[in-house]
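Tertiary structure, described
The lines below spell out each chain.
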Amino acid sequence: MSDSISNTPLNVTERGLVCRFTKRKSTFICTYFDGLWLLGFNQEDVNGKKLEDIFPSELSGIINKYCYQAWNGQFIQYETKLKGNDYIAFFAPLFNNGEIVEVIGTFIQSNKSSLENEQVNTNSLYEDVLQTMSEAVIIIEKDGKVTALNENFQKMIGLKGDYTYGWTEVEYVAEDGSHLPYSELPGVKTLEKGISFHNSIVGVKDNENNQIKWLSVNSKPLTIRDHSDRASLVSISDITERKEMENTYIQAKEEAEKANRAKSDFLSKMSHELRTPLNGIFGFAQLLELDDSLNDQQRDYVQEILKGGGHLLNLINEVLDLSRIETGKLKVSIEEVPLLNIIDECINIVEPLAKKKNIRIQKQLDPQHDMVVLADPVRLKQILLNLLENAIKYNRQNGNIMINSYLEGDDQFVHIVDTGVGFSVEEYHKIFVPFYRVEGTKEEGTGIGLAIVKQLVQQMGGEISVRSKKGQGSEFCFSLPIPKNLKPVIRWEDEVESIKKVEGRSEHYRLLYIEDNESNLNLVKNIIKSHPSYTLLTANNGKEGIKKAALEKIDLILLDLNLPDMNGYAVFDMLKAKEQTKGIAVIAVSANAMPQDIQHTLDKGFDNYLSKPIHVKEFLNTVSETLNNTITQNIPHHTILSTGPYGEEAVSAKTLQLSLTELKKIKEKKYRAAIAMHYADNDWSKSQIAGVTSTFEKMGIEVIAVTDAQFKWEKQVEDIETILIQKPDIIVSIPVDPIFTASVYKKAANAGVKLVFMDNVPKGLEHGKDYVSIVSTDNFGNGIEAAHIMGQELGGKGKVGMINYNADFFATKQRTEGFEETIKQQYPSIELVAQEGLTDPSHGEKVAVDMIRKNPDMNGMFVVWDVPAEGAMKATEAVGKSDLVITTIDLGFNAALEMAKDGSIKGLGAQLPYQQGVAEAILAGYALLRKQTPPYVAVPALRVTNKNLLEAWRLVYNEDAPDLIQRTLK
Ligand code: ADP
């Protein structure tokens with residue numbers, strides 16, 4: 001990496017500073033700093049330090065944000081103040097081999113009266129930096145004029161004369177070697193169409209030696225400062241060496257493939273040749289078998305010939321299949337296949353073979369779910385037969401085989417589990433290699449079956465994997481795609497915490513399954529076998545179960561409700577009545593899946609409910625959810641762009657969780673909590689309250705009050721005073737005003753109440769000492785989403801107004817910043833023509849009417865949240881401007897209905913208030929357990945338009961969208 005960035009001191013003027021950062025995990029670390037006198041540092045002090053340790057706190061948040069943007073490829077210029085002076089700041093990515101490796105920031109002191117001078121300073125400083133890079137950086141203007149920002153360009157295109165226009169005459173070639181016209185060059189296309197290119201490959205022909213130099217090109221649109229002209233910014237790196245290496249590899253690979261094809265052809269021909277004489281041997285041996293005159297010894301010889309011949313025929317057939325696959329001659333014809341029927345057919349075929357060894361084949365398949373897969377039915381049968389035959393062949397006498405299947409994402413998975421000889425981890429890959437057999441395998445075989453199975457599964461668009469333990473058994477699992485019309489519409493549900501996470505935990509859990517049905521016990525044993533963090537104990541009846549639960553340090557009980565000796569509810573009551581067992585979590589397992597029965601069972605105090613037949617995925621998720629209570633599982637994994645009120649880096653809500661042991665500790669204390677809202681009567685607040693209360697309920701925390709301050713700070717102060725009289729342990733709250741409410745929160749903190757804030761924090765309160773954490777949505781990210789929807793709706797050009805919120809709310813401020821910066825940087829032809837601040841959200845309509853009247857040619861309006869956006873919506877009707885595009889933040893009912901109608905609100909960035917509430921409750925739990933808490937936690941942003949409205953609603957509110965919205969959308 002160091003070839004592009006050397007640590008030569010840069011020529012910094014006496015009035016500026018330059019710094020470089022690289023990203024480690026989610027922080028930026030300083031790698032270079034000059035101009036340090038300004039902040040009172042030495043070079044040694046700052047190298048390797050985090051950004052927030054270098055800059056004053058009021059600045060570090062904003063610089064952090066710009067570093068993120070530069071890290072994402074943006075060039076940012078803005079004016080700022082530092083120690084009382086004005087500066088022009090510039091942030092840009094530094095590339096190496098087309099990758100962003102560092103971010104560079106320059107700050108040049110600007111004197112407004114001689115701005116031009118300063119521009120020169122900035123330029124000269126930036127040029128210094130550019131000269132240290134191995135890439136060429138150029139700007140192409142409208143008429144094709146190139147300005148090179150460093151000296152590399154001329155060298156790279158191998159031009160001797162003036163390149164300014166001369167570069168258009170050079171001969172360029174595309175990656176396939178064909179001629180590439182000038183108009184097709186990435187930088188030129190960016191200039192014309194305004195689109196960016198990333199790592200495009202362009203060749204430059206050197207006519208002198210007829211060689212091609214290969215370049216990787218990145219280009220993006222640029223508006224030159226003080227000109228409204230478009231230009232494109234292009235960075236180019238020389239990748240000739242890499243390309244040559246790739247070519248060598250490709251050649252070697254082609255040769256190897258050719259050799260492999262020749263081998264397969266040979267095998268195929270040879271197999272055909274062998275088949276003919278074998279038919280003779282086999283046929284006549286069968287005739288001999290029918291001959292009555294043979295004595296016993298002769299009969300044995302015939303049997304040997306038949307056995308050997310059968311084996312040879314099998315081998316030849318498999319070799320033929322394999323060579324057909326390898327030469328691409330084996331074609332599969334994909335159709336919709338009912339998996340269940342094929343599985344049954346295959347079981348019937350192998351059943352006699354299994355009987356010989358007294359092996360039981362069981363299946364755990366959901367007969368209600370029609371498992372249709374996309375496959376070639378003949379080949380699917382071949383796969384299943386092969387795996388089943390192996391599961392019998394390599395099994396022990398009286399062993400078991402279990403088949404189960406479930407849907408996950410877009411694929412149907414099939415598991416075949418046996419209790420046979422197994423093999424070690426080192427063999428996992430090898431057994432799929434043709435002709436490989438595990439050493440010491442006594443059974444007859446060719447070692448080709450699995451190689452064919454693997455190829456067939458892959459040809460049908462699936463994957464196969466294996467897990468096995470020597471002496472215990474093996475589990476083969478393969479997937480096949482399902483037809484499009486069966487795919488789930490929403491993806492969020494598939495993002496359930498992965499099972500691996502449970503495996504990775506250091507905690508070990510002991511489970512007790514009280515069940516009399518052997519086949520269910522076996523299934524659960526098999527599932528648990530592959531999860532080393534669980535140990536399973538079993539009991540066949542209620543009495544034995546109660547006894548084991550008391551003696552064996554159990555964490556979780558799976559209780560069949562229909563036991564031979566006593567009713568499951570009676571067992572539950574006895575467990576809860578005993579001191580040693582009353583704290584153990586209990587999951588009911590029952591064939592009864594009627595909703596009212598499930599509700600009745602949960603009302604009795606069971607922690608969860610599983611209905612039979614058991615689904616492996618659901619089983620594991622329910623067990624893991626009950627054990628870990630990882631309630632934040634539906635949050636998408638997005639990068640969080642917002643920072644906290646003091647520039648704190650966000651920790652994703654996804655990381656929060658409470659373990660069963662922790663939950664138990666909290667439950668024992670019977671804590672009490674109150675929720676103090678700024679306003680409780682909108683969808684956002686209701687959802688937050690629902691998230692907090694439902695999670696508190698799981699934690700055994702009583703909610704003693706929910707207050708609504710009606711947006712009045714005086715009322716909120718009163719509310720909290722009243723709450724404090726009841727001595728709660730926790731208050732979850734959103735302050736109406738961070739200044740006027742500060743003292744009452746301070747009073748609560750001094751009384752030892754754990755304070756968790758939504759979206760804003762009162763002034764003067766300290767994290768860790770006065771409050772637990774503040775939780776918000778990624779507001780900056782939502783602002784960005786609202787800007788992109790606007791940009792797309794307006795086709796990248798037009799005039800836009802903004803309605804902001806006047807109060808000192810960092811959450812609403814970040815939305816506005818996210819929107820404004822995105823429009824300015826990514827939509828240069830969209831002009832921001834008006835900005836108004838709101839003090840009261842009910843004034844949305846009035847403010848919007850005034851704005852539209854003053855700017856009649858405005859095309860779009862961003863309103864900082866949905867309630868005033870509804871006002872803006874009415875304003876468009878009042879002044880007859882129905883084509884005004886409104887984007888906003890928060891998925892409220894009215895905004896959603898307007899989107900469903902394809903009305904003036906075209907889209908919005910949504911918060912996930914329910915999930916936010918869940919996070920706040922868990923954080924309160926952290927504080928009660930005296931666990932460390934991050935100062936700022938965020939849930940990710942979500943873009944919503946009428947295309948994903950229903951899925952988004954489900955994610956935001958944890959329920960289906962109201963009927964009216966669903967009907968309107970249709
Ligand atoms: P074959 O069974 O004809 O040898 P396969 O390709 O089907 O060929 O299997 C390759 C090897 O993998 C086998 O020789 C055996 O050692 C091992 N193997 C396959 N399936 C199992 C299983 N279910 N249990 C244990 N070992 C197995």
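As a starting point, this report considers the structure included with it. (Residues numbered from 1 in each chain as written. Predicted model: local features only at pLDDT ≥ 70, side-chain atom pairs only at ≥ 80, totals over all residues. Heavy atoms only, no water.)

**Some words on the sheet that holds strand β24 (residues 651-652)**
- Across the sheet, which stays open at both edges, the 7 strands sit in the order β24-β35-β29-β28-β27-β25-β26 with parallel pairing between neighbours. Of all strands in the sheet, those bounded by a partner on one side alone are β24 and β26 (702-708).
- Of the pairings in the sheet, the one linking strand β25 (residues 672-677) to strand β27 (residues 730-733) comprises 4 bridges and is parallel in character. The residue bridging A674 from the neighbouring strand is I731, located in β27. (Pairing = 2+ DSSP bridges. Helix = DSSP H or I, 4+ residues; strand = E, 2+ residues; numbered from the N terminus.)

**Digging into the pairing of strand β17 (residues 464-469)**
- Every second residue of β17 is oriented toward a common face, the buried set being I464, V466 and S468 and the non-buried set S465, R467 and K469.
- Relative to strand β18 (residues 473-481), β17 runs antiparallel, the two sharing 6 bridges. When the sheet's bridge partners are listed, I464 is paired in β18 with F478.
- Connecting β17 to the next strand, β18, in antiparallel fashion are 3 residues, including G471 with a positive phi near 80°. (Buried < 20%, exposed > 50% of the residue type's maximum accessible area, 1.4 Å probe, protein only.)

**Structural notes on helix α15 (residues 518-529)**
- Between the first and last C-alpha of α15 there are 16 Å, a value that for 12 residues agrees with the 16 Å anticipated at 1.5 Å per step.
- Among the residues of α15, those classed as buried are N520, L521, N522, L523, V524, N526, I527 and I528. (Expected span 1.5 Å × (residues − 1).)

**Re the packing of helix α26 (residues 844-854) against helix α27 (residues 866-878)**
- The N-to-C vectors of α26 and α27 enclose an angle of 45°; their axes lie 7 Å apart at closest approach. Here α27 runs oblique to α26, going by the angle between their axes. Considering only the axes of α26 and α27, their crossing is right-handed. Where α26 approaches α27, its residues G844, E845, A848, V849 and I852 are matched on the opposing element by P868, G871, A872, K874, A875 and A878.
- When grouped by side-chain class, the residues that make up the contact of α26 with α27 number 7 nonpolar, 2 polar and 2 charged. (Axes fitted to C-alpha atoms, helices over the stretch in contact; angles between N-to-C directions. Parallel < 35°, antiparallel > 145°, perpendicular 65-115°, else oblique. Left-handed = near helix turned anticlockwise from the far one by under 90°. Contact = heavy atoms within 4.5 Å. Nonpolar A, V, L, I, M, F, W, Y, C, P; charged D, E, K, R; others polar.)

**A short note on the pairing of β25**
- The element β25 is largely enclosed, with a buried count of 5 among its 6 residues.
- Two elements, β25 and β26, share 6 bridges in a ladder whose sense is parallel. Across the sheet, the residue bridging to A676 is T707, located in β26.
- Taken together, β25, helix α21 (residues 683-698) and β26 form a β-α-β motif whose crossover is right-handed. (Right-handed = clockwise from strand over helix to strand, strands pointing away.)

**A closer look at the site of the ligand**
- Close to the ligand lie 19 residues, the nearest being N390, Y394, R437, T446 and L450.
- Interatomic distance of 2.6 Å between a side-chain N/O atom of R437 and an oxygen atom of the ligand.
- Within the complex, 97% of the 530 Å² of free accessible area of the ligand lies under protein.
- Looking at the shell around the ligand, the elements that each hand over two or more residues are α11 (377-393), α13 (449-459) and β18.
- Residue composition of the shell around the ligand, by class: 9 nonpolar, 7 polar and 3 charged. (Near = heavy atom within 4 Å. Polar contact = N/O pair within 3.5 Å; in protein donor to acceptor, adjacent residues only side chain to side chain. Areas by Shrake-Rupley, 256 points an atom, 1.4 Å probe, with all protein chains shown as cover.)

**Quick word on the environment of K669**
- Locating K669 in the fold gives a position in helix α20 (residues 660-669).
- Separated by 32 residues in the primary sequence, K669 and I701 have C-alpha atoms spaced 8.7 Å apart.

**Some thoughts on the pattern of salt bridges**
- Evaluation of the coordinates by the stated rule reveals 24 salt bridges.
- Through salt bridges that share partners, K65, E817 and E821 make up one connected network. (Salt bridge = Lys/Arg side-chain N within 4 Å of Asp/Glu carboxyl O.)

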